[in-house]
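A closer look at the structure
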Amino acid sequence: MTYLVTGGSGFIGSHLVEYLLQNGHSVINVDNFDDFYDYKIKIKNTLESVKQSVNFQFTNKEEDIKKLISVVSPISSYCFYYQDIVDEEGLKKIFQNHKIDVVIHLAALAGVRPSIERPIDYAEVNILGSMKLWELCKDYGVKKFICASSSSVYGNNKKVPFSELDNVDRPISPYAATKKCGEILGYTYHHLYDIDMIQLRFFTVYGARQRPDLAIHKFTKIISENGEIPFYGDGSTARDYTFIEDIIDGIVKSIKYLESHKGVYEIINLGENQVVNLREVLSEIELNLGKKANLNKLPMQAGDVQKTKANINKAKNLIGYNPRTNFQNGIKKFMEWFLSKEI
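Overview of the structure. The structure displayed is predicted, hence computed values, not measured ones.

When helices and strands are tallied, the protein chain shows 12 helices and 13 strands. In summary, the protein chain has a C-alpha radius of gyration of 19 Å against a globular reference of 20 Å for 343 residues, a match within 12%. When each of the 343 residues of the protein chain is scored for burial, the buried share is 54%. Of the contacts formed within the protein chain by residues at least 6 apart in sequence, a portion of 80% connects residues at least 24 apart. When the accessible area of the protein chain is evaluated, it comes to approximately 15,100 Å², of which 49% is carbon and sulfur surface.

Another point: the sheet that holds strand β4 (residues 102–105). Ordered by their spatial adjacency, seven strands build an open sheet running β3-β2-β1-β4-β5-β6-β11, and the pairing between neighbours is parallel. Every interior strand has two partners, whereas the edge strands, β3 (78–82) and β11 (265–270), have only one. Here the strands of the sheet are splayed against their neighbours by 15° on average, with no regard to which way each runs. Strand direction decides the pairing type here: strand β6 (residues 196–202) and β11, joined by six bridges, are parallel. For Q199, the partnering residue across the bridge sits in β11 and is I267. Lying on the sheet, helix α4 (residues 88–97) is in contact with β1 (2–6), β2 (26–31), β3 and β4; it crosses β2 at an angle near 175°. The strands touched by helix α9 (residues 244–260) within the sheet are β1, β4, β5 (144–150), β6 and β11, with β6 carrying the most contacts at an inclination of about 165°.

Throughout the structure, instances matching the rule amount to 20 aromatic pairs. Centre to centre, the rings of F36 and Y37 are 6.5 Å apart; their planes meet at 75°, and the pair counts as edge-to-face. Ring centres of Y206 and F243 lie 5.4 Å apart, and the angle between their planes is 65°; on these two criteria the pair is classed as edge-to-face. Within this pair, whereas Y206 is found in strand β7 (residues 205–206), its partner F243 is found in strand β10 (residues 242–243), the two being separated by 37 residues in sequence. Y206 sits in the buried class, given a relative accessible area of 0%. What links up through ring pairs into an aromatic cluster is the set W134, F145, Y189 and Y193. The ring of F56 is capped by K67, whose NZ or CZ atom sits 4.7 Å from the centre of that ring.

All right, on to the packing of helix α1 (residues 11–22) against α9 then. At a minimum axis distance of 10 Å, the contact between α1 and α9 shows a crossing angle of 60°. Here α9 runs oblique to α1, going by the angle between their axes. Relative to α9, the crossing made by α1 is right-handed. Within the contact between the two elements, α1 uses F11, I12, H15, L16 and Y19 and α9 uses I244, I247, I248, I251, V252 and K256. Counted by class, the contact of α1 with α9 contains nine nonpolar, one polar and one charged residues.

Turning our attention to the packing of α4 against helix α6 (residues 119–140). The N-to-C vectors of α4 and α6 enclose an angle of 35°; their axes lie 10 Å apart at closest approach. Like other packed secondary-structure pairs, α4 and α6 cross with a definite hand, here right-handed. The segment α4 lies against α6, with E88, L91, K92, F95 and Q96 engaging K132, L133, L136, C137 and Y140. Of the residues belonging to the contact of α4 with α6, the class tally is six nonpolar, one polar and three charged.

Once that is clear, we can look at the state of the cysteines. Taken as a whole, this structure holds zero disulfides when the rule is applied. Counting only cysteine sulfurs, C137 is the nearest neighbor of C147, a cysteine outside any disulfide, at a range of 10 Å. Accessibility expressed as a relative area gives 4% for C147, which makes it buried. With no disulfide of its own, C181 has C147 as its nearest cysteine by sulfur position, at a separation of 12 Å. Taking the relative accessible area as the measure of exposure, C181 reaches 30% and is therefore partly exposed.

With that settled, the discussion passes to the environment of D169. In this fold, D169 is placed in the loop between β5 and α7 (174–193). Separated by 149 residues in the primary sequence, D169 and L318 have C-alpha atoms spaced 25 Å apart. In this structure the side chain of D169 is engaged in a polar contact, spanning 2.6 Å, whose partner is the side chain of K180.

Our focus in this paragraph is the pattern of salt bridges. One pass over the structure, following the stated rule, counts 21 salt bridges. With a shortest N-O distance of 2.5 Å, E18 and K51 are connected by a salt bridge. On the criterion of sequence distance, the pair formed by E18 in helix α1 and K51 in the loop between α2 (39–49) and α3 (61–72) is long-range, its members being 33 residues apart. With relative accessibility at 13%, the residue E18 sits in the buried group. Residue classification places K51 among the exposed positions, given a relative accessible area of 52%.

Conventions used here
- Residues numbered from 1 in each chain as written.
- Predicted model: local features only at pLDDT ≥ 70, side-chain atom pairs only at ≥ 80, totals over all residues.
- Heavy atoms only, no water.
- Helix = DSSP H or I, 4+ residues; strand = E, 2+ residues; numbered from the N terminus.
- Rg over C-alpha atoms; globule rule 2.2 N^0.38 Å.
- Buried < 20%, exposed > 50% of the residue type's maximum accessible area, 1.4 Å probe, protein only.
- Contact = heavy atoms within 4.5 Å.
- Areas by Shrake-Rupley, 256 points an atom, 1.4 Å probe, with all protein chains shown as cover.
- Pairing = 2+ DSSP bridges.
- Axes fitted to C-alpha atoms, helices over the stretch in contact; angles between N-to-C directions.
- Phe/Tyr/Trp six-rings, centres within 6.5 Å; stacked < 30°, edge-to-face > 60°.
- Lys NZ or Arg CZ within 6 Å of the ring centre and 35° of its normal.
- Parallel < 35°, antiparallel > 145°, perpendicular 65-115°, else oblique.
- Left-handed = near helix turned anticlockwise from the far one by under 90°.
- Nonpolar A, V, L, I, M, F, W, Y, C, P; charged D, E, K, R; others polar.
- Disulfide = S-S within 2.5 Å.
- Polar contact = N/O pair within 3.5 Å; in protein donor to acceptor, adjacent residues only side chain to side chain.
- Salt bridge = Lys/Arg side-chain N within 4 Å of Asp/Glu carboxyl O.

Right under this line is the structure:
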């Protein structure tokens, strides 16, 4: 099978690419190395995902990406495209050059707080970029599509745990709104053009290669460097933290479900079903590092939700999803990666 993975050099994407290649599939990675965080991280992710242990000497972004392409090009089952999903003509060439069986769309502008400052950019990438992919799927007969949604669509939902049947008409950030739009538009393309589709609502994913702006990675780095953590609110905000290996398991099982069924449009929660508050996160990181955190206490920020928790009954019943990593073990695995990598 040939899978097109957008955002395949990111945190979740690079793990998925690695899994697919290890299991004998062909992968097309489409990533634009957005400046949301240091491009060097994505180069390292890409090399790790294709098992290339290259002593990579960094110079500047454009030259480094050319060098990366030269390193990964000889891999027969893997194609890398330095490509933006809002560039329809560039995407069209990829669909012309390859017979694609399934699209796994993970690329997006991420982050709740930045979306409040850049709402138009988020709409362009997360909504229009997705539509351009669906238009190409329509034109080139690609009938299977996995799309990354987000637990952010639930907003400050009063009913816990969050179910796929809950009303999600009140998103509290532009990021969440773009993900809700993606779900709605995805259904439209499913209805009009028979594109089988699963929208996966990810709940706070963490683990090796986690984005540096996310709390677990950010806190760990600051504590290890004796810095001061910007600590928003009283620490009672809580999340359903989901380990990366469980997320990949959920994506893979969703792909298998799509490949064996027709007439599919589903929205599925992928969470761990274990809620941990911010104080507990900090305490677990301190315990594993053997260091205390210095806190700069700040008020809650706009767009942040109070609590998330996934009802994962649908995921269990429909695709056989079964998360196995509790938070304490997940943090230990994350810490092993963090302490072994080059900081």
